[in-house]
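The residues making up each chain are set out below.
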Amino acid sequence: MTRRFKILGIGMVLIGFAFVAAGGYSYIKVQEGYRSLNAFSAAQNVALSYNEDGQLVDGGDPAEAAVIMALLTDEWGYPVVASDLDPNDPVVNTASEYMFEMATIATHIMHGTQTIVLDEPVEYNGETFAAGEYEFAIDGRYYADFDRAHPLEGPARGLAWSPTALGLIGQLGVGAVTHSTLQMGLGLAAALGAVGGALLVLGGGLVWAVRPEREAVPAIQPVTTPIPA
């Protein structure tokens, strides 16, 4: 029975080493991903803006940044990590920063106006739009909220939600997902290391527990012979 427990303990130790090695490899690959993402962000030089008090601003106004943050957290329901928004590191390289930048673009689009020029009168659903220039307010519309057949809404959608804007939002979304995936990878590396460490301790403890005990050698007491008087 002792031999079986010893074999089991050795097996647990070996499996523990495998888990620790897998955790270490995962950690190394995650760090490579972080370095690559940071280098890509630094090369693009896209950064958030903060005032002298460390407040996030948009166009120099913290109130405008608060509007963007409300869109991100309230309407989109994104769980912003406050520590990701660091005035000492404004380069956009964390998931919360990517999402805030995405919300910034969306806010500017949806609160803006577009100039539509009709060269000739257009009738639509019983309403006639005279030839001329129109300032069309986007009024919070997302890409799918426009009536493409409308003589003003249709052109306004293409101008507001342009390929450039959609491309930037798509790129920022990839950055946010990449950073979140790297965080998951870091958690996986920690979990593998923790399981491996537990197996090493348990397996080593099992081997130690079933080791043969050394029998105590009885102490030899000296025999003294009384000397006759």
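Every value quoted in this text rests on a predicted model; they were computed, and no experiment measured them.

**Focus: the overall build of the protein chain**
Helix and strand content of the protein chain: five helices and six strands. Helices (α) and strands (β) of the protein chain occur, in sequence order from the N terminus, as α-β-β-α-α-β-β-β-β-α-α. What you see for the protein chain is a C-alpha radius of gyration of 34 Å, clearly larger than the 17 Å of a compact globule of 229 residues, by over 25%. Burial statistics for the protein chain: of 229 residues in total, 31% are counted as buried. Within the protein chain, residue pairs in contact and separated by at least 24 positions form 62% of the contacts whose partners lie at least 6 positions apart. Of note, the protein chain has its 10 positive side-chain charges centred 35 Å away from the centre of its 25 negative side-chain charges.

**Let's talk about the packing of aromatic side chains**
Applying the stated rule across the entire model yields one aromatic pair. Ring centres of Y142 and W161 lie 6.3 Å apart, and the angle between their planes is 20 degrees; on these two criteria the pair is classed as stacked. Of the two residues, Y142 sits in the loop between β6 (132–137) and α4 (153–160) while W161 sits in the loop between α4 and α5 (163–209), which places them 19 residues apart along the sequence. Taking relative accessible area as the criterion, W161 reaches 5% and is therefore assigned buried. Lying over the aromatic face of F146, R141 brings its terminal NZ or CZ to 5.8 Å of the ring centre. For the cation-ring pair, R157 lies above Y143, with the distance from its terminal atom to the ring centre recorded as 4.1 Å.

**Here we look at the nonpolar core**
Of all hydrophobic cores here, the largest spans 37 residues; its most connected members are L48, L56, F100, F136 and W161. When residues of this core are traced back to their parent elements, those giving at least two are α1 (2–44), α2 (62–75), α3 (95–110), β3 (113–118), α4 and α5. Looking at this core element by element, the count peaks at nine residues for α3.

**So, the environment of Y98**
Assignment of secondary structure puts Y98 in helix α3. Remark: the alpha-carbon pair of Y98 and A176, spanning 78 residues in sequence, is separated by 5.4 Å. With sequence-adjacent residues up to four places away left out, Y98 is seen in contact with L37, S41, V92, N93, L172, G175 and A176.

Conventions we followed
- Residues numbered from 1 in each chain as written.
- Predicted model: local features only at pLDDT ≥ 70, side-chain atom pairs only at ≥ 80, totals over all residues.
- Heavy atoms only, no water.
- Helix = DSSP H or I, 4+ residues; strand = E, 2+ residues; numbered from the N terminus.
- Rg over C-alpha atoms; globule rule 2.2 N^0.38 Å.
- Buried < 20%, exposed > 50% of the residue type's maximum accessible area, 1.4 Å probe, protein only.
- Contact = heavy atoms within 4.5 Å.
- Lys, Arg positive; Asp, Glu negative; His and termini not counted.
- Charge placed at Lys NZ, Arg CZ, Asp CG, Glu CD.
- Phe/Tyr/Trp six-rings, centres within 6.5 Å; stacked < 30°, edge-to-face > 60°.
- Lys NZ or Arg CZ within 6 Å of the ring centre and 35° of its normal.
- Core = buried A, V, L, I, M, F, W, Y, C linked by side-chain atoms within 4.5 Å.

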